Amino acid sequence: QVRGSSMEPVYRPGDHLICSRAGGVDENSFLGRDCVVMLETGEGYVKRVVRGSGPGRYTLLSYAAAPIENVALLWAAPIVWVRRNQ
């Protein structure tokens, strides 16, 4: 469930997201896509994932907030379905 407004207007607080980790750890399955991600530090986010400055590092982009730059991910799961908060 989305909390916060950093991804508005695409995802709104209360929206439920279904994501898929079927691509495993292959970064081609999640690069450039909106994903649910888990950082190595334990924080979870909904962000667009792009390459960072080095191997195994990624920058997380928001629609309405500053990017989170050069972080390591435990996993990234592309969003495949959204149930809008009514």
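What counts, and where the lines are drawn
Residues numbered from 1 in each chain as written. Predicted model: local features only at pLDDT ≥ 70, side-chain atom pairs only at ≥ 80, totals over all residues. Heavy atoms only, no water. Phe/Tyr/Trp six-rings, centres within 6.5 Å; stacked < 30°, edge-to-face > 60°. Helix = DSSP H or I, 4+ residues; strand = E, 2+ residues; numbered from the N terminus. Buried < 20%, exposed > 50% of the residue type's maximum accessible area, 1.4 Å probe, protein only. Core = buried A, V, L, I, M, F, W, Y, C linked by side-chain atoms within 4.5 Å. Contact = heavy atoms within 4.5 Å. Salt bridge = Lys/Arg side-chain N within 4 Å of Asp/Glu carboxyl O.

A. Layout of the packing of aromatic side chains. By the definition in use, this model includes 1 aromatic pair. The interplanar angle of 65° and the centroid separation of 5.6 Å between the aromatic rings of Phe-30 and Tyr-58 together place this pair among those described as edge-to-face. Linking Phe-30 in the loop between strand S1 (16–19) and strand S2 (34–39) with Tyr-58 in strand S4 (residues 58–61), this pair joins segments that are 28 residues apart in sequence. Given a relative accessible area of 10%, Tyr-58 falls into the buried group.

B. Up close: the nonpolar core. The biggest cluster of nonpolar side chains holds 11 residues, and these are Phe-30, Leu-31, Cys-35, Val-37, Leu-39, Val-49, Tyr-58, Leu-60, Val-71, Leu-73 and Ala-76. Within the residue set of this core, elements represented by two or more residues are S2, S4 and strand S6 (73–83). For this core, the element with the most residues is S2, which contributes 3 residues. For Leu-31, the contacting residues outside a window of four places in its chain are Val-49, Val-50, Arg-51 and Tyr-58.

C. Quick peek at the pattern of salt bridges. Taken as a whole and assessed by the stated rule, the structure comprises 3 salt bridges. Between Arg-51 and Glu-27 there is a salt bridge, with the nearest N and O atoms lying 2.7 Å from each other. Of this pair, Arg-51 sits in strand S3 (residues 44–51) while Glu-27 sits in the loop between S1 and S2, placing them 24 residues apart in sequence. Accessibility expressed as a relative area gives 53% for Arg-51, which makes it exposed. Judged by relative accessible area, Glu-27 falls into the partly exposed class, the value being 22%. With its nearest N and O atoms 3.2 Å apart, the salt bridge here joins Arg-48 to Asp-34. One end of the pair, Arg-48, is in strand S3; the other, Asp-34, is in strand S2, with 14 residues separating them in the sequence. Judged by relative accessible area, which is 28%, Arg-48 ranks as partly exposed.

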